[in-house]
Amino acid sequence: MRYTKIFLGLLLSFVVGAACRLAQIPVPSPPVLSGALLVFMMSSGYWLVGRYLETRAAPEEKS
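Residues numbered from 1 in each chain as written. Predicted model: local features only at pLDDT ≥ 70, side-chain atom pairs only at ≥ 80, totals over all residues. Heavy atoms only, no water.

## As for the overall build of the chain
Link 1 in the chain: For the chain, the helix and strand inventory stands at two helices and zero strands.
Link 2 in the chain: The C-alpha atoms of the chain give a radius of gyration of 16 Å, which is well past the 11 Å a tight globule of 63 residues would have.
Link 3 in the chain: Across its three principal axes, the chain shows a C-alpha extent of roughly 55 × 20 × 10 Å.
Link 4 in the chain: Surface accessibility of the chain: about 6000 Å² in total, with carbon and sulfur atoms responsible for 70%. (Helix = DSSP H or I, 4+ residues; strand = E, 2+ residues; numbered from the N terminus. Rg over C-alpha atoms; globule rule 2.2 N^0.38 Å. Areas by Shrake-Rupley, 256 points an atom, 1.4 Å probe, with all protein chains shown as cover.)

Have a look at this one:
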């Protein structure tokens, strides 16, 4: 697994959020719990489908 990419993505999103707060500009996502859950679920879905496609393609590469 590529936990490095997940960690870097979380770190980048934290930095963007902190920079938006420090610069006093609106955050580029809805500032409510439902907005945060939407972003989380979209990211999770993207990651899970990527893992599924990698495992599906792995047996074909061995042939």
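## Regarding a nonpolar patch on the surface
Link 1 in the chain: On the surface, a nonpolar cluster with roughly 510 Å² of combined accessible area is contributed by Tyr3, Ile6, Leu10, Trp47 and Leu48.
Link 2 in the chain: For the nonpolar patch, the secondary structure elements donating two or more residues are α1 (3–22) and α2 (33–62).
Link 3 in the chain: In terms of residues, the nonpolar patch owes the most to one element, α1, which gives three residues. (Patch = residues over 30% accessible without salt bridge, like charges linked within 9 Å, V, L, I, M, F, W, Y side chains within 5 Å. Salt bridge = Lys/Arg side-chain N within 4 Å of Asp/Glu carboxyl O.)

## Topic: unusual backbone geometry
Link 1 in the chain: One non-glycine residue with positive phi stands out, namely Gln24, at about 55°.
Link 2 in the chain: Its location among the elements puts Gln24 in the loop between α1 and α2.
Link 3 in the chain: Of the residues examined, Gln24 reaches a relative accessible area of 73% and is grouped as exposed. (Buried < 20%, exposed > 50% of the residue type's maximum accessible area, 1.4 Å probe, protein only.)

## Focus on α1
For the α-helix, the turn length of 3.6 residues means that residues three or four positions removed from each other point alike.
Link 1 in the chain: An ideal rise of 1.5 Å per residue puts 28 Å on 20 residues; α1 measures up with 28 Å between its terminal C-alpha atoms.
Link 2 in the chain: In the segment just after α1, Gln24 is the residue with positive phi, at about 55°. (Expected span 1.5 Å × (residues − 1).)

## Thoughts on the layout of surface pockets
Link 1 in the chain: When its volume is computed, the largest pocket comes out at roughly 1100 Å³.
Link 2 in the chain: For the largest pocket, the lining is made up of 26 residues, of which Ile6, Gly9, Leu10, Ser43 and Ser44 are closest to its centre.
Link 3 in the chain: Every element with two or more residues in the lining of the largest pocket is listed here: α1 and α2.
Link 4 in the chain: Sort the elements by how many residues they give to the lining of the largest pocket and α2 lands first, with ten residues.
Link 5 in the chain: Here the lining of the largest pocket is built from residues that sort into 15 nonpolar, seven polar and four charged. (1 Å grid on protein atoms, 1.4 Å probe; cavity = no way out; pocket = protein on both sides within 12 Å on 5 of 7 lines; lining within 4 Å. Points joined across faces, edges and corners; volume = space filled by probe spheres on them. Nonpolar A, V, L, I, M, F, W, Y, C, P; charged D, E, K, R; others polar.)

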